Amino acid sequence: MSGRGRGGGRRGSGEAGELRADLETLYAVHRAHTGAITFESLDVLFGRPVELDVKSIEDKLVHARRGGYCYEQNSLLAAALERIGFEVSGRGARNRTRGDALTPVTHAVLVVTVDGQPWLCDAGFGYQGPREPVPLGRPGAEVRQEAWTYRVREEADGVLVLCFLRGGTWRDLYAFSPQRYHPVDYLLLNHYSSTHPRSAFIGRVIVQHPGDDLRRTLVGRELVRLHPDGREERDTVAPEALLGVIDREFGLRLPERDAVELVRMYLAGD
C-alpha cells in the first residue's frame, strides 16, 4: 500500500469544515507535522530543561519555530490528534540503529487506532523516521512513502520492529512492545535523555529532517545527506558556516542569543 496514495486525496472533514478522525486526516496531520518541524535537541546541548507540558511545547515548536526531539514532537502530535478526536496511546521503543548492543527504552512513539486498526505515528525519530503513519495490523507489508520504504515485522512476545529500506538493505530502526506509556513515563525518559552523561544527546549538535527525496542529518561537525539509493554525501561543517547550514538545510533560525551560544559551544569543541 502506498502511503502517498492514502494521504493524497481529499482531507477528512465534516459538514462544517471540522476535521474528522479518519485515515485521510491522520495522514494529512502527520505529513504536515513532519514536513514543518525540524528534529533537534539543542536545548539539551545548552543545558536547559526540556519541558513536556503541551503549552511549553507549543510555545517552542509552533510559536518560536524551533524544533524538538521525540518527547516534544510526539507529545505535540498526540495533543493535536486527540483534539481532533483520534484514539491515541503512547509506546516506548528501543533504538536499534546502533548495532547489536541492547539499548534502554528511550524513544517515544504513538499508536493511533482508526476504524479498529492500529497505526504507528512517529514525528520524532529524526531523518530516518517515517513521514506518514505506518500500519501495524499487517506485519511484513511494505509501505512506500515517496522515495522511501518501511515495513513492520513482529518478534516474540508481541514486539514490533519498524524497519527502513536503505540502499537495498532492510535496517531495524527501533522495537516496541504492546505496553502502554503515559506522560509520566516520558518525564522519566526525558530526564535520562536530557541529563545522563551516556545519553546520545549530551554534548553535541543534533539537527535532522526526513525529506521526501533527501534525508539530512547534522551530528557534531558532520552533515550527511542521504539519498533513496543509499548514497551519502558527507561534509564537515566549520563553525563559521554552522548557522547558515542549519538555516539552509533544516529551515532552523535561532534567536540571536541562542545562535551566539551555539557557535561558542561549537568553537569550544576544537
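Small disclaimer: the values here were computed from a predicted structure and weren't measured. (Residues numbered from 1 in each chain as written. Predicted model: local features only at pLDDT ≥ 70, side-chain atom pairs only at ≥ 80, totals over all residues. Heavy atoms only, no water.)

So what exactly am I meant to see when it comes to the overall build of the chain here?
Counting its regular elements, the chain contains eight helices and 13 strands. What you see for the chain is a C-alpha radius of gyration of 18 Å, in line with the 18 Å of a compact globule of 270 residues. Counting only C-alpha atoms, the chain reaches 55 × 45 × 35 Å along its principal axes. Burial analysis of the chain (270 residues in total) assigns 49% to the buried set. Charge centroids of the chain, computed over 36 positive and 38 negative side chains, lie 2 Å from each other. (Helix = DSSP H or I, 4+ residues; strand = E, 2+ residues; numbered from the N terminus. Rg over C-alpha atoms; globule rule 2.2 N^0.38 Å. Buried < 20%, exposed > 50% of the residue type's maximum accessible area, 1.4 Å probe, protein only. Lys, Arg positive; Asp, Glu negative; His and termini not counted. Charge placed at Lys NZ, Arg CZ, Asp CG, Glu CD.)

Can you help me understand the environment of W170 in this one?
Locating W170 in the fold gives a position in strand β9 (residues 169-176). For W170 and T149, which are 21 residues apart along the polypeptide, the C-alpha to C-alpha distance reads 9.2 Å. With residues up to four places along the chain from it excluded, the contact list for W170 reads E142, T149, Y150, R151, C163, F164 and L165. (Contact = heavy atoms within 4.5 Å.)

I keep staring at the confidence of the model for the chain and nothing clicks. Help me out?
The predicted structure's coordinates, where accompanied by low pLDDT, should not be read in detail. Put simply, the chain has an average pLDDT of 92, and 93% of its residues get 70 or more. Between residues 1-11, whose pLDDT stays under 50, and residues either more than four places distant or in other chains, the model counts 26 contacts. (pLDDT = per-residue confidence, 0-100.)

Any chance you could explain helix α4 (residues 54-63) here in plain terms?
Those residues of α4 not exposed but buried are I57, K60 and L61. All buried residues of α4 fall inside an arc of 80 degrees around its axis, so they share one side. With respect to the buried face of α4, the exposed residues turned more than 90 degrees away are K55 and H63. Buried residues belonging to α4 abut α3 (42-46) and α5 (70-84). (Arc of directions from axis to C-beta.)

Can you walk me through unusual backbone geometry in this structure?
Glycine aside, residues mostly have negative phi, and peptide bonds are mostly found in the trans state. In the Ramachandran plot, R65 falls in the positive-phi region, its phi being about 60 degrees despite a non-glycine side chain. Exposure remark for R65: the relative accessible area of 67% places this residue in the exposed category. Despite not being glycine, D157 has its phi angle at roughly 60 degrees, a positive value. Structurally, the position occupied by D157 is in the loop between β7 (148-154) and β8 (160-166). Overall, D157 belongs to the exposed group, its relative accessible area being 74%.

Would you mind showing me how to read the sheet that holds strand β4 (residues 117-121) here?
To summarise the sheet geometry, strands pair through backbone hydrogen bonds and adopt either a parallel or an antiparallel arrangement. With antiparallel pairing, the eight strands of this open sheet are ordered in space as β5-β4-β3-β2-β9-β8-β7-β6. Taken across any chain shown, the strands that pair with only one partner, and hence form the sheet edges, are β5 (134-135) and β6 (143-145). Across eight bridges, the pairing between strand β2 (residues 87-95) and strand β3 (residues 105-114) is antiparallel. From the neighbouring strand, V88 faces β3, where its bridge partner is V112. Sheet strands in contact with helix α2 (residues 23-36) are β3 and β4, and its direction is about 5 degrees off that of β4. (Pairing = 2+ DSSP bridges. Axes fitted to C-alpha atoms, helices over the stretch in contact; angles between N-to-C directions.)

Could you clarify how one ought to interpret the sheet that holds strand β11 (residues 215-219) in this entry?
A sheet is described by the order of its strands in space; here five strands give the open sequence β1-β10-β11-β12-β13, paired in antiparallel fashion. Every interior strand has two partners, whereas the edge strands, β1 (39-40) and β13 (232-236), have only one. The pairing of strand β12 (residues 222-226) with β13 spans five bridges and is antiparallel. Note that in β13 the partner of L226 across the bridge is E232.

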